[in-house]
Amino acid sequence: MSLVIETPPPHGGRLEERVVRDRELGRKLAKGCPVFDIKPTLDENGVPVRNVYREIMSICYGFFSPVEGSMKKAEVDRILKERRLLNDWVFPYPLVFDITEEDLKNLGVTVGDRVLLRIKGKPFAVLDIDEIWRIENTEELATKTFGTPEDNPEVVKEPFDKKMPGWVIYKSLNPVVLAGKFRIINEPTFLPPFDKYWFPPRKSREEYARREWRTVINHQTRNVPHIGHEFLMKNAAYMGDSEPCHGIQVNAIIGVKRPGDYPDEAIIEGHQAVNEGGYIKPERHLVTFTLWDMRYGNPLESMLHGIIRQNMGCTHHMFGRDHAAVGEYYDMWSTQILWGKGIPSFGFPAPITDVPYGLKIRPQNMAEFWYCPVCNEIAYSGCCGHDKEKEKFSGSFVRGMVAEGVFPPKVIFRPEVYKVIVKWWKEFDYPFCNPKYVKEKEERLEVDLPDMDI
Amino acid sequence: MAKSIAVLLDDKRLGEMKGSELENKVQMMFGGQLTCFILEMDDDKAKQVMDAFHTARVDSRGFITDVPIAFNRVLFEEIAKTKSLGAEPIDGVMARVSEIQEFAAKEGEYLPVPEL
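Everything numeric in this text was worked out from a predicted model, so none of it was measured.

Caption draft 1: Up close: the overall build of chain A. Summing up its helical and strand segments, chain A has 14 helices and 18 strands in all. In terms of overall size, chain A behaves like a compact globule, its C-alpha atoms giving a radius of gyration of 22 Å where 454 residues would be expected to give roughly 22 Å. Counting only C-alpha atoms, chain A reaches 70 × 50 × 45 Å along its principal axes. Of all 454 residues assigned to chain A, the portion counted as buried reaches 61%. Considering only intrachain contacts with a sequence separation of at least 6, the fraction spanning at least 24 residues in chain A is 76%. Element-wise, carbon and sulfur atoms account for 48% of the exposed surface of chain A, whose accessible area totals about 17,400 Å². The averaged location of the 66 negative side-chain charges in chain A is 2 Å from the averaged location of its 61 positive side-chain charges.

Caption draft 2: Looking closely at the pairing of strand 13 (residues 316–319) of chain A. Residues and elements named next belong to chain A. Residues H316 and M318 point to one face of strand 13 and H317 and F319 to the other, with burial holding for every one of them. Of the strand pairs in this sheet, strand 10 (residues 216–221) and strand 13 are connected by two bridges, and their pairing is parallel. Residue I217 lies in a different strand from strand 13, and its bridge partner there is H316. Taken together, strand 13, helix 11 (residues 334–340) and strand 14 (residues 362–365) form a β-α-β motif whose crossover is right-handed.

Caption draft 3: Region of interest: the pairing of strand 7 (residues 122–134) of chain A. Residues and elements named next belong to chain A. Here six bridges tie strand 6 (residues 114–119) to strand 7, and the two strands are oriented antiparallel to one another. Counterpart to L117 in the pairing with strand 7 is A125. The hairpin turn running from strand 6 into strand 7, its antiparallel successor, is two residues long, and K120 in that turn takes a positive phi close to 50°. Sheet analysis places strand 7 next to strand 8 (residues 176–184), joined by nine bridges and oriented antiparallel. The residue of strand 8 that forms the bridge with L127 is F182.

Caption draft 4: Examining the sheet that holds strand 16 (residues 377–380) of chain A more closely. All names here are of chain A. In spatial order, the strands read 16-15-17; together these three strands make up an open sheet with antiparallel pairing. The open sheet has two edge strands, strand 16 and strand 17 (391–392), and neither has a second partner. Direction of pairing for strand 15 (residues 369–372) relative to strand 17: antiparallel, over a ladder of two bridges. The partner of Y371 across the bridge, within strand 17, is E391. Here helix 8 (residues 227–236) sits on the sheet and contacts strand 15 and strand 16; the angle it forms with strand 15, its principal contact strand, is near 115°.

Caption draft 5: View of the sheet that holds strand 2 (residues 27–29) of chain B. All names here are of chain B. As summarised here, the arrangement of the three strands in space is 1-3-2, forming an open sheet in which the pairing is antiparallel. Strands at the two margins of the open sheet, each flanked by one partner only, are strand 1 (3–8) and strand 2. Pairs of neighbouring strands in the sheet enclose a mean axial angle of 50°, with direction left out of account. As paired strands, strand 1 and strand 3 (residues 34–41) are joined by six bridges and run antiparallel to one another.

Caption draft 6: Structural detail: the pattern of salt bridges. Throughout the structure, instances matching the rule amount to 54 salt bridges over all chains. Across the pair R78(A) and E82(A) runs a salt bridge, and its minimum N-O distance is 3.0 Å. Of this pair, R78(A) and E82(A) both sit in helix 3 (residues 73–82), four residues apart, roughly one helical turn. Residue classification places R78(A) among the buried residues on the basis of a relative accessible area of 19%. On the basis of relative accessible area, E82(A) is assigned to the partly exposed category, the value being 27%. Linking R73(B) and E77(B) is a salt bridge whose minimum nitrogen-to-oxygen distance equals 3.2 Å. In this pair, R73(B) and E77(B) are both assigned in helix 3 (residues 69–82), four residues apart and thus about one turn of the helix distant. The partly exposed category is assigned to R73(B), whose relative accessible area is 30%. Judged by its relative accessible area of 32%, E77(B) falls in the partly exposed class.

Caption draft 7: Focus on the interface of chain A and chain B. Of the residues lining the interface, 30 residues belong to chain A; the matching set on chain B comes to 26 residues. Interface of chain A and chain B: buried area, both sides summed, is about 2,500 Å²; carbon and sulfur atoms make up 64% of it. Our count for the contact surface shared by chain A and chain B stands at two salt bridges. The partner of E404(A) in a salt bridge is R13(B), and the shortest N-O contact between them spans 3.5 Å.

Caption draft 8: Looking closely at helix 5 (residues 97–107) of chain B. Residue and element names in this part refer to chain B. Of all the positions in helix 5, only V97, I100 and E107 are classed as buried. Down the axis, helix 5 shows its buried residues gathered within 70° of arc, on one side only. Relative to its buried face, helix 5 has exposed residues pointing more than 90 degrees away, namely S98, E102, A105 and K106. Of the surrounding secondary structure, the elements contacted by the buried residues of helix 5 are helix 2 (43–52), helix 3 and helix 4 (87–94).

Caption draft 9: Region of the structure containing helix 12 (residues 395–403) of chain A. Residue and element names in this part refer to chain A. Along helix 12, seven of the nine residues are buried, which leaves the element largely enclosed by surrounding structure. Looking at helix 12, one finds that the buried residues are S396, F397, V398, R399, M401, V402 and A403. Phi for G405, located one or two positions after helix 12, is positive at around 80°.

Caption draft 10: Expanded view of the environment of I79(A). Residue and element names in this part refer to chain A. Position of I79 relative to the elements: it lies in helix 3. The spacing of I79 and P94 is 15 residues in sequence and 6.6 Å in space, taken between C-alpha atoms. In this structure I79 touches M71, R84, L85, F91, P92, Y93 and P94, once residues within four positions along its chain are discounted.

Caption draft 11: Representation of the packing of aromatic side chains. As enumerated under the stated definition, the model contains 29 aromatic pairs over all chains in all. Between F36(A) and F97(A), the ring centres sit 5.7 Å apart and the planes meet at 75°, which makes this aromatic pair edge-to-face. Residue F36(A) is found in strand 1 (residues 35–37), and its partner F97(A) is found in the loop between helix 3 and strand 5 (98–99); the two are separated by 61 residues along the sequence. Residue F97(A) is classed as buried on the basis of its relative accessible area of 2%. Geometrically, the ring pair formed by F64(A) and W292(A) is edge-to-face, given 5.5 Å between the ring centres and 90° between the ring planes. Here the residue F64(A) occupies a position in the loop between helix 2 (52–60) and strand 4 (69–70), and W292(A) occupies one in the loop between strand 12 (285–291) and helix 10 (298–311), the gap between them amounting to 228 residues. The same class applies to F64(A) as to W292(A), namely buried. Connected via pairs of aromatic rings, a cluster forms that spans F64(A), F91(A), Y93(A), F146(A), F160(A), Y170(A), W292(A), Y329(A) and Y330(A). The side chain of K390(A) reaches across the aromatic face of W370(A), ending 5.2 Å from its centre. In this arrangement the basic side chain of R73(B) is found over the ring face of F103(B), its NZ or CZ atom lying 4.9 Å from the centre.

Reading the values: rules and limits
- Per chain, residue numbering runs from 1 following the sequence as it is written.
- Written order determines the labels here, with chains lettered from A and ligands numbered from 1.
- Per-residue local features of the predicted model are confined to residues with pLDDT of at least 70, and side-chain atom pairs are confined, for both listing and counting, to 80 or more; whole-chain, interface and lining totals are unaffected and use all residues.
- Think of the side-chain values as coming from all heavy atoms in the structure, minus any hydrogens and water.
- Counting from the N terminus, the helices are DSSP H or I runs at least four residues long and the strands are E runs at least two residues long.
- Only the C-alpha atoms count toward the radius of gyration. The rule for a globule is 2.2 Å times the residue count to the power 0.38.
- Each residue is placed in one exposure class: buried if its accessible area under a 1.4 Å probe, protein chains only, is under 20% of its type's maximum, exposed if it is over 50%, and partly exposed if it falls in between.
- Here a residue-residue contact requires only that any non-hydrogen atoms of the pair lie within 4.5 Å.
- Using a 1.4 Å probe, the Shrake-Rupley method yields the accessible areas, and only the shown protein chains count as cover for residues.
- Residues scored as charged are limited to Lys and Arg (positive) and Asp and Glu (negative), so that His and the chain ends carry no count.
- Here the site of a charge means atom NZ of a Lys, CZ of an Arg, CG of an Asp or CD of a Glu.
- Any two strands with at least two DSSP bridges between them are considered paired.
- The definition of a right-handed crossover adopted here requires that, viewed with the strands pointing away, the path from the first strand over the helix to the second runs clockwise.
- Each axis is a line fitted through C-alpha atoms, and for a helix only the stretch in contact is used; angles between axes span 0 to 180 degrees, taken between their N-to-C directions.
- Here, a salt bridge means any side-chain nitrogen of Lys or Arg that lies within 4 Å of a carboxyl oxygen of Asp or Glu.
- A simple way to read buried area is as the amount of 1.4 Å-probe accessible surface that goes missing from two parts once joined, with both sides added.
- Directions are taken from the helix axis to each C-beta atom, and the arc is the one they span.
- Ring pairs are drawn from Phe, Tyr and Trp, using the six-membered ring of Trp, whenever the two centres fall within 6.5 Å, and their geometry is named by plane angle: stacked under 30 degrees, edge-to-face over 60, tilted for the rest.
- To sit over a ring, a charge needs its Lys NZ or Arg CZ within 6 Å of the ring centre and within 35 degrees of the ring normal.

Here it is in structure tokens:
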């Protein structure tokens, strides 16, 4: 048996690519269609929590393969019950194109119709309607999406509520779902600084082949990297097959985040500062991103991350403590439970890589790195025996230091990374996401669109 | 279980402590690259802080974090005034909650950019 690991196939067997690059064909597809201007989903205070345009982008560029569009009711029901699409492939979350009853009335559409979707007032995509259905109770949908302590006792510790951003997203959905396949007909262009880091699955797979990276380990991020993150990346990448992984892919999640997280611009440029500073040399490191409004669903989010990064051509994925988590709703090791032994109540009696129609990307389940004054180094918790003396890289402690304007020592942030934080702090008058940043970002988005007369 | 809170010390703050007994209580973190005071408080005091400031949370180290910046400033002022790392400075802070909350409301929109 060969120990050599090869690039895994896309989830579902082939990449879904739903971008029409022939502009004349795009015009023809949209001609005469009723028009809908995409709006952000708002919470009860009117603050944006999600923009479905990001889901359309991630579906049409293949990040979420094999998903092709907004889901039918039967598909959502199956996901909530056993985390599988109707074609049996595992998938964690309902993805729906939701509108109000008034929107539906104004559109005047029915099954079989096509809708032209616009962003920033310009044609963007079309949706071919296969089914129109209604969410009877969005709070119930939100709760079923993430689980309950009673139904999912292996990992859910506390009932979800309005402090959990993902729960708020589902709770805030409009009641009418237009289910059907999307096609992007007017390809957006990314605004700086995002433009340099756009590697959708087809392109990332080509890039890794060009770089001769047979093994690639992914680092999930929604953070500006501190030294603990950097050491996680460097050490997790020792895993490979007969040699360490050839490449480290950083994939930042770009979209609405909770207050207190860093702005997207600082996250992506902060990781690039690690690369350009030579802390992980560019030949072994690539910064990329995916558009997605984080649900903070810990094990479920890790399943989506596995799908995205497998589709991008990664062979391995590092998972740490409290992966993509907020609060203490989930057990802090829930993600590693999913990938290490499975979560039966979510439909996985075995690791998610060992079930039919499961994932092919390999987990690298890591504990954590801390500073140890006895070892006098950044130490791995699985090795360092100085539990009493350890000093953890607490994200909130680091944020507090940043907010007070204290220049962090090199043992916490690389100076190049901290300068990126300050650069975007000047731009937004604030170092972290706050309602003002989120509202302005939802007007600006990450993209512009070329003019297109229909 | 008792909770802790770290008050970071820069050169200016260290200067204010010069000659006091608290100078001996300055703690080094991260191999001496950060200096701070660490205050411990019992559960009742910790609960008062958590209840007064909705952003506050206890992190994986058992430290109270995510308090307003104004909280940290006032806490240092109270430490400097009382020359204590006991209950007195926290009591002083809790007596100034409305002042802190007033500043905290503005902190959500704007924080001064540090000079590099």
